[in-house]
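Residue-level structure breakdown
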Amino acid sequence: MTDAPGPLEPLGSTDRPILDRPVFERLTMAHRRELKLHCYRMMGSLHEADDLVQETFLRAWRGRAQFDGRGSPRGWLYTIATNACLNAIKARATAHRILEEPARPPTEGRAAAGPAAELSWLEPYPDTELPDLVDGEPGPDARYETSEAIRLAFVAAIQLLPPRQRAALLLCDVLGWSAQETAQLLGGSTASVNSALQRARATLAKRYPTGRPVQQSQPSRDESVLLERYIRAWQAANLDGFIELLCDDATYHMPPWRDWYQGRPAIRGFFDTVWDNFAGYRAVATRANGQPAVAIYARRHQEPEWRAQSLHVIEPADGGIASLTVYVGPLGPDLFAAFGLPPVWPEPEA
């Protein structure tokens, strides 16, 4: 693979010209989106990914004397970004973000556990930020298709891995780097990288008995119809219509609330307790993590404005919804800006 990092010379080397700003920007900015996606997979946070990409470029600029022009700027930047992520994970309270608390059983009826601000919750990723992978296609050693490796469930699964295992799996099984190239980036031996990969794959096998996520195709006509029906149900405040779209064993998560639900009856039981909290809903189609998504604006009783209320990420299966992750306040409205959506839905001029 030609995009792995080559040996780096000492920072103080002066026997070649240092990259000037225009050349540096041309070499680095073309990789901005794929680096952001890589940082997001490592961190599970859209906002942390933004910060770490900025840090990556700052470190690259300050250390540009290390890049001799003979290696790949892409591999050089991945080296900096991956190590920045590993350092950031060491510095924070928890090594991973979650969609649900481990070993917590599903809730029945009214949500009682409440929001958990002290927990780190996995954030969704806007499709508008996904990279054009013409030059960044996975290498021959990749085990996962690009469409698989951006799904919300996959990112949630790899968050369960220790940071070094997570990095090894992303570099080898998602980007397609060899174990030798990955060892050069992470430090250590090829044998240690292979050992980390084996442990990481064993952990994922518990989540994916077939060894990988369910293969997802490009958005289909059935998916478009499902999304249209979902939007109509919410805008008509049709609870029955919404529940009909769920698979019998569907799951429903709502970060940052600890409660989660499984199965149509349980999900219906929860929504019976909250559906009338608002006077009405407006729904806007979007996409997150390569999946259909909907931004919901809600109007409270006796209030005129339609305010950002929640962001819904849908996992379709067999013509219905297999999994629904709904980000609610404060997580929900805070994400609207990242998806290019206003905090208040603008009313058309009279």
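Up top is the structure.
First, a word on what this report is: a plain description of the structure on this page.

Conventions and cut-offs
- Residues numbered from 1 in each chain as written.
- Predicted model: local features only at pLDDT ≥ 70, side-chain atom pairs only at ≥ 80, totals over all residues.
- Heavy atoms only, no water.
- Phe/Tyr/Trp six-rings, centres within 6.5 Å; stacked < 30°, edge-to-face > 60°.
- Helix = DSSP H or I, 4+ residues; strand = E, 2+ residues; numbered from the N terminus.
- Buried < 20%, exposed > 50% of the residue type's maximum accessible area, 1.4 Å probe, protein only.
- Lys NZ or Arg CZ within 6 Å of the ring centre and 35° of its normal.
- Pairing = 2+ DSSP bridges.
- 1 Å grid on protein atoms, 1.4 Å probe; cavity = no way out; pocket = protein on both sides within 12 Å on 5 of 7 lines; lining within 4 Å.
- Points joined across faces, edges and corners; volume = space filled by probe spheres on them.
- Nonpolar A, V, L, I, M, F, W, Y, C, P; charged D, E, K, R; others polar.
- Axes fitted to C-alpha atoms, helices over the stretch in contact; angles between N-to-C directions.
- Polar contact = N/O pair within 3.5 Å; in protein donor to acceptor, adjacent residues only side chain to side chain.
- Contact = heavy atoms within 4.5 Å.
- Parallel < 35°, antiparallel > 145°, perpendicular 65-115°, else oblique.
- Left-handed = near helix turned anticlockwise from the far one by under 90°.
- Lys, Arg positive; Asp, Glu negative; His and termini not counted.
- Salt bridge = Lys/Arg side-chain N within 4 Å of Asp/Glu carboxyl O.
- Expected span 1.5 Å × (residues − 1).
- Arc of directions from axis to C-beta.

**So, the packing of aromatic side chains**
Two descriptors summarise a pair of aromatic rings, namely the distance from one centre to the other and the angle between the planes of the rings. Applying the stated rule across the entire model yields 21 aromatic pairs. Judged by centre distance (5.7 Å) and plane angle (35 degrees), the rings of Tyr252 and Phe270 are tilted. Linking Tyr252 in strand 1 (residues 246-253) with Phe270 in helix 11 (residues 264-274), this pair joins segments that are 18 residues apart in sequence. Phe270 matches Tyr252 in its accessibility class, with the two residues each being buried. Among the aromatic side chains, those forming a connected cluster through ring pairs are Tyr230, Trp234, Phe242, Tyr252, Tyr261, Phe270, Phe271, Trp275, Phe278 and Tyr281. Here the basic side chain of Arg299 rests over the ring of Trp306, its NZ or CZ set 5.4 Å away from the ring centre.

**Considering the pairing of strand 3 (residues 280-288)**
By the bridge criterion, nine bridges tie strand 3 to strand 4 (residues 291-299) in an arrangement that is antiparallel. From the neighbouring strand, Val284 faces strand 4, where its bridge partner is Ala295. Connecting strand 3 to the antiparallel partner strand 4 that follows it, the hairpin turn spans two residues, and Asn289 within it adopts a positive phi of roughly 55 degrees.

**Some words on the layout of surface pockets**
Approximately 600 Å³ is the volume attributed to the second largest pocket. As for the second largest pocket, its lining consists of 29 residues, of which Asn277, Phe278, Arg300, Gln309 and Val328 are closest to the centre. For the lining of the second largest pocket, the residue count by class is 17 nonpolar, six polar and six charged.

**Points about the sheet that holds strand 2 (residues 260-262)**
Reading across from one edge, 2-1-6-5-4-3 is the order of the six strands in this open sheet, with mixed pairing throughout. Here the strands that pair on one side only, and so sit at the sheet edges, are strand 2 and strand 3. For this sheet the average axis-to-axis angle between neighbouring strands, irrespective of direction, equals 20 degrees. In the sheet, strand 1 pairs with strand 2 via three bridges, with the strands oriented antiparallel. Bridge pairing links Thr251 to Gln262 in strand 2.

**A short note on the side chain of His312**
Considering the arrangement of structural elements, one finds His312 in strand 5 (residues 307-317). The exposure class assigned to His312 is buried, which follows from its relative accessible area of 1%. Here Tyr230 takes part through its side chain, which lies 2.6 Å from a polar atom of the side chain of His312. When residues no more than four places from it in sequence are discounted, the contact partners of His312 are Tyr230, Trp234, Pro292, Ala293, Val294, Ile296, Leu324, Thr325 and Val326.

**Some details on the packing of helix 4 (residues 73-91) against helix 6 (residues 163-174)**
As a packed pair, helix 4 and helix 6 sit with axes 10 Å apart at the nearest point and diverge in direction by 155 degrees. When the axes of helix 4 and helix 6 are compared, the pair comes out roughly antiparallel. In this structure, the crossing between helix 4 and helix 6 has a hand that is right-handed. Residues Thr82, Leu86 and Ile89 of helix 4 touch helix 6, and the partners they reach there are Pro163, Arg164, Arg166, Ala167 and Leu171. In the contact of helix 4 with helix 6, the residues fall into five nonpolar, one polar and two charged.

**Focus: the side chain of Glu181**
Mapped onto the secondary structure, Glu181 falls in helix 7 (residues 179-186). At 8.9 Å, Arg74 is the nearest oppositely charged side chain to Glu181, a buried residue that forms no salt bridge. Separated by 2.9 Å, the side chain of Glu181 and the backbone nitrogen of Ser178 make a polar contact.

**Observations regarding the packing of helix 3 (residues 46-62) against helix 4**
In contact at an axis separation of 9 Å, helix 3 and helix 4 are set at 125 degrees when each is read in the N-to-C sense. Here helix 3 is positioned oblique relative to helix 4, judged by the angle of their axes. Where helix 3 crosses over helix 4, the handedness of that crossing is right-handed. On helix 4, the residues touching Leu52, Glu55, Thr56, Phe57, Arg59 and Ala60 of helix 3 are Trp76, Leu77, Ile80, Ala81, Ala84, Cys85, Asn87 and Ala88. Residues that form the contact of helix 3 with helix 4 fall into these classes: 10 nonpolar, two polar and two charged.

**Observations regarding helix 8 (residues 190-207)**
In a regular helix each residue adds 1.5 Å, so 18 residues correspond to 26 Å; helix 8 covers 26 Å between its end C-alpha atoms and thus fits that length. Those residues of helix 8 that sit buried are Val193, Ala196, Leu197, Ala200 and Leu204. Buried residues of helix 8, viewed axially, fall in a sector of 105 degrees; they line one side. Every exposed residue of helix 8 that faces more than 90 degrees away from the buried side is listed here: Ala191, Gln198 and Lys206. Contacts made by the buried residues of helix 8 are with helix 5 (152-158), helix 6 and helix 7.

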